[in-house]
Amino acid sequence: MSDAAGSLAGLFDPDRVAVVGATEREGSVGRAVTANLLDGFDGSVVPVNPNRDAVLGEQCVASVADADPDLAVVAVPPEHVVDVVRECGEAAVRDVVVLTAGFGETGAEGAGRERRLREAAAEHDLRLVGPNSLGVMSSPPGLNATFGPDAPPAGGVSFMSQSGAFVTAVVDWAAEAGLGFKNVVSLGNKAVLDETDLVRSWGDDPGTDVVVGYLESIDDGRGFVDAAREATDDTPVAVVKSGRTDAGAQAASSHTGAIAGSDRAYEAGLDAAGVLRADSVQELFDAARALSGGVVPASDGVAVVTNAGGPGVMATDAVGDAERLRLASFADGTVERLAADLPAEANVYNPVDVIGDAGVDRYRDALDAALADPDVGSAVVITAPTATLDFAELGDAVADAAEEHGVPLAACLMGGGRLTAARDALRERGVPSYFDPARAAGGLGSLMEYGEVRGRSYPEPEPVDADRDRVREVLASVEERPDNRLGVEAMGILDAYGVPTPEGAVVDDPTEAERVAEGIGEAVVMKIVSPDILHKSDIGGVKVGVPVAEVADAYEDLVARARSYQPDATVLGVQVQETVDLDAGVETIVGSHRDPQFGPLIMFGLGGVFVEVMEDTTFRLAPVGSAEAEDMTADIDAAPLLRGARGRDPVDLDAVVDAVRRVSRLVADFPSVVELDVNPLVATPDGVRAVDLRLTVDPEELDS
Ligand code: ADP
Ligand code: MG
């Protein structure tokens, strides 16, 4: 994100635009963008080209300074771009769009060029889009500063895309899909302005009803979260995030690291940001059309009104399958009213079937009754082509009903050319229409989801009392290690943050082991302590239920096992630990992983030795407060186990929540903790106990 962002009005609403590198050469970017700008822009367009008098009939000037524009669009060859951008800065032109490719996307030379471009932009505080951008579009000024083939219809959607191809594809499809755009930005390489700047700017733009993005990466995760949270108070934000690769996962040495991967970070980050995540571009724009209406359903109950049985059943199923929707159940008064207004063969319960011979009036009556029902928050109106309907009139009637009742509607027009008049009328009035009932339900589901995030508050996580000096000391001990890993010998950091651990100690001789065991009780747990052994039980390095009399022998046996597994393994000793009653408990895992974009994540899930097999886990950005931690415990599939399934007593959920919250604060407080597993955190009806710990520390970050 750039400090220069602020208002982007100069970018989207300039009076004068210069095209640097304007030309008439057929097939060139410089010609295409000049032609697009000359077509329909309210302001003036000045071609900059020292070698020509005029381009496409417009008088040329020799330099940016001579053009004196509000916005400069740069389409010169890559080796000249940095100089041109400098000239812009010197001429006090702050808004620049660089279309030229051949930067970071092309290898070392290009990366160097991009770095110089970034420096030049920073020096002059430029708001720069690109390089390698298709350009920007903006209505109302009718600005098409792209080299794409068409401009989209005007409207309230602001769209940013990390792929130029998606811009042309979406623009081409927009008219047919009933989409209108306020601003469109092809982000290109994001050398200066990025998704965070645009979300911030569009969140404040009264002309933007909904922000949508096609993103391959989010550069400053936490900045994006802050910007999006603010925007979503009154403007919904929806994105498709593509590129679900988990390159980071292979290198991980913890369970959490192995499961985390970048997609889990994006999931947690976008969720924390209140951003709706779509799985496909179609879903993204289905959501955008629904969200453009701006009315959020007051209830999750959906009414279905149809003139055909089969599609009605499909819509009913789609509503039932949608996470946030259910079929509304009508009040008696509604049913009576429908029965009075509709013919005897009609179905007056939800889904309402007005029957194939219905005219527009019958739809009107059905909608008036259904939308007035107290359980109805939104509705799907289905039409199959029949000879009895005037489709333009129907479109208007549906839009009127939505307006009068203040209830969002999604139309399902199950046909092609015959329904064009209805489609046009609905588009004109801002009612989304779809072919498929499942897509209509998806659109309404997005509205419900936006209603949820809009109402969200983001309380500061509660503070945690902790002995931070003690943690600092334990973490610093990695400096004496050949690798950067710590195990159960570092359990003190959990004590320091108030996470309960069983009684125990790490000892380095058998007699000492016996002494500790005697202090603990009848039978103890013993574990090998070695930075070379990641999963202790895999090599028989954990003994449960060892009687005190056998502790010395068990000590020797554990060391021998470590040696036979890896002869040169560093053995720090053996941990002697109080036995925790697993029969009454559930093994959970609390973990953390530091994501390069979103920072520390906290994970909670079903723990034990099969974590990666089950992958029943959930992630949030750390730190979390109690409310969020509680949410996490409810999020996993195994949640019923915690609440006491099959006659077992429920575990102490407050203690689980508290432990999650405390670990999340620990990793947020100490950036040197790269990844961490508390596995298991044993949860019983009487509380929790962290019986195992493993973490990776980055020595470079120890001082931060
Ligand atoms: P690792 O994960 O390296 O194999 P753990 O310390 O997690 O080693 O021990 C493995 C398993 O042994 C745990 O998942 C748990 O089932 C059991 N276990 C470990 N410590 C105790 C303990 N103090 N009380 C009861 N069971 C334990
Ligand atoms: Mg373990």
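The rules behind the values
- Numbers given for residues are sequential positions, taken from 1 along each chain in its written order.
- Both sets of labels track the order of writing: A upward for chains, 1 upward for ligands.
- Note on the predicted model: pLDDT of at least 70 is required for a residue's local features to be given, and 80 or more for side-chain atom pairs to be given and counted; whole-chain, interface and lining totals, by contrast, use all residues.
- The side-chain quantities take in all heavy atoms of the structure and omit both hydrogens and water.
- Donors, by definition, are the N, O and S atoms found within 2.8 Å of a metal, the threshold being 3.2 Å for Na, K and Ca, and water is not counted, so a site can look incomplete.
- Secondary structure elements are defined from DSSP: runs of H or I of at least 4 residues count as helices, runs of E of at least 2 residues count as strands, and each element is numbered from the N terminus.
- Burial classes: relative accessible area under 20% of the type maximum marks a residue as buried, over 50% as exposed, and values in between as partly exposed (1.4 Å probe, protein chains only).
- DSSP calls a pair of strands paired once it identifies at least 2 bridges connecting them.
- Being near a molecule or strand, for a residue, comes down to having at least one heavy atom within 4 Å of it.
- N or O atoms closer than or at 3.5 Å make up a polar contact, with two conditions inside protein: a donor-capable atom paired with an acceptor-capable one, and, for residues adjacent in sequence, both atoms drawn from side chains.
- Note on areas: Shrake-Rupley, 1.4 Å probe, and residue coverage restricted to the protein chains presented here.
- All residues other than Ala, Val, Leu, Ile, Met, Phe, Trp, Tyr, Cys, Pro, Asp, Glu, Lys and Arg, Gly among them, are scored as polar; the first ten of these are nonpolar and the last four charged.
- Either an automatic procedure or a domain database provided the assignment from which the domain bounds are taken.
- We call two residues in contact whenever any of their non-hydrogen atoms come within 4.5 Å of each other.
- Put simply, buried area is the surface a 1.4 Å probe can reach on two separate parts but cannot reach once they are joined, added for both.
- We count a salt bridge whenever a side-chain nitrogen from Lys or Arg sits within 4 Å of a carboxyl oxygen from Asp or Glu.
- Each patch groups residues whose relative accessible area exceeds 30% and which form no salt bridge, using 9 Å between like charges and 5 Å between nonpolar side chains of Val, Leu, Ile, Met, Phe, Trp and Tyr.
- Think of each axis as a best-fit line through the C-alpha atoms, taken over the contacting stretch in the case of a helix, with angles from 0 to 180 degrees between the N-to-C directions.
- Roughly parallel means an angle under 35 degrees; roughly antiparallel, over 145; roughly perpendicular, 65 to 115; everything else is oblique.

### Observations concerning the coordination of the magnesium ion (ligand 2)
Line of reasoning, step 1. Bound to the magnesium ion (ligand 2) are the protein donor atoms Asn679 (O) and Asp692 (OD), situated 2.2 Å from the metal. Of this pair, Asn679 sits in strand β29 (residues 673-684) while Asp692 sits in the loop between β30 (687-690) and β31 (694-697), and the two are 13 residues apart along the sequence.
Line of reasoning, step 2. Exposure remark for Asn679: the relative accessible area of 6% places this residue in the buried category.
Line of reasoning, step 3. Here Asp692 falls in the buried class, since its relative accessible area comes to 10%.

### Topic: the pairing of strand β9 (residues 143-146)
Line of reasoning, step 1. Across the two faces of β9 the burial is the same, with Leu143 and Ala145 and Asn144 and Thr146 all buried.
Line of reasoning, step 2. Counting the residues between successive antiparallel strands, the hairpin from strand β8 (residues 135-138) to β9 contains 4 residues, one of them, Gly142, with a positive phi of roughly 70°.

### Description of the site of ligand 1
Line of reasoning, step 1. Around ligand 1 there are 17 residues in total, and Lys527, Lys536, Ser537, Gln577 and Glu587 lie nearest to it.
Line of reasoning, step 2. The contact in question runs from a nitrogen atom of ligand 1 to an N or O atom on the backbone of Glu578, over 3.0 Å.
Line of reasoning, step 3. Between ligand 1 and Val580 there is a distance of 2.9 Å, counted from a nitrogen atom to a backbone nitrogen or oxygen.
Line of reasoning, step 4. Isolated, ligand 1 exposes 550 Å² of accessible area, and the fraction of that covered by the protein chains is 93%.
Line of reasoning, step 5. Elements supplying a minimum of two residues to the shell around ligand 1: β23 (523-529), β25 (573-578) and β29.
Line of reasoning, step 6. Considering only residue class, the shell around ligand 1 consists of 7 nonpolar, 5 polar and 5 charged.
Line of reasoning, step 7. Taken domain by domain, the shell around ligand 1 gets at least three of its residues from each of domain 3 (468-578) and domain 4 (582-701).

### Here's the deal with the environment of Val192
Line of reasoning, step 1. Its place among the elements puts Val192 in the loop between β11 (181-186) and α7 (195-203).
Line of reasoning, step 2. Between the C-alpha atoms of Val192 and Leu117, which are 75 residues apart in sequence, the distance is 9.1 Å.

### Comments concerning the domain arrangement of the protein
Line of reasoning, step 1. For the protein, the assigned domains are domain 1 (9-242), domain 2 (294-454), domain 3 (468-578) and domain 4 (582-701).
Line of reasoning, step 2. Here the C-alpha centroids of domain 3 and domain 4 sit 21 Å apart.
Line of reasoning, step 3. Every contact between the two is made by 27 residues of domain 3 and, on the other side, 24 residues of domain 4.
Line of reasoning, step 4. Summed over the three residues of domain 3 that lose the most area to domain 4, namely Leu475, Asn484 and Tyr497, the buried surface amounts to 24% of that side.
Line of reasoning, step 5. Linking domain 3 with domain 4 are 3 salt bridges.
Line of reasoning, step 6. Between Arg468 and Asp669 there is a salt bridge, with its nearest N and O atoms 2.9 Å apart.
Line of reasoning, step 7. Sorting the residues of the side of domain 3 that touches domain 4 by element identifies α17 (468-476), β21 (485-486), α18 (492-496) and β25 as the ones contributing at least two each.
Line of reasoning, step 8. It is α17 that provides the largest number of residues to the side of domain 3 that touches domain 4, a total of 4 residues.
Line of reasoning, step 9. Across the side of domain 3 that touches domain 4, the residue classes break down as 14 nonpolar, 7 polar and 6 charged.

### Remarks on the side chain of Glu114
Line of reasoning, step 1. When you line up the elements, Glu114 lands in helix α5 (residues 108-123).
Line of reasoning, step 2. Leave out the neighbours within four places in its chain, and Glu114 touches Phe103, Gly104, Pro131, Asn189 and Ala191.

### Considering a nonpolar patch on the surface
Line of reasoning, step 1. On the surface, Val609, Phe610, Val613 and Met614 cluster together into a nonpolar patch covering about 460 Å² of accessible area.
Line of reasoning, step 2. By the secondary structure assignment, Phe610 is in the loop between β27 (599-606) and α21 (611-614).
Line of reasoning, step 3. Looking at Phe610, the relative accessible area reads 56%, which means it is exposed.

### Some details on the packing of helix α4 (residues 78-90) against α5
Line of reasoning, step 1. Contact pair α4 / α5: the axes reach a minimum separation of 9 Å and the direction vectors enclose 10°. Compared by their axis directions, α4 and α5 come out roughly parallel. Residues Pro78, Glu79, Val81, Val82, Val85 and Arg86 of α4 pack against Arg113, Arg116, Leu117, Ala120, Ala121 and Glu123 of α5.
Line of reasoning, step 2. For the contact of α4 with α5, the class distribution of residues is 7 nonpolar, no polar and 5 charged.

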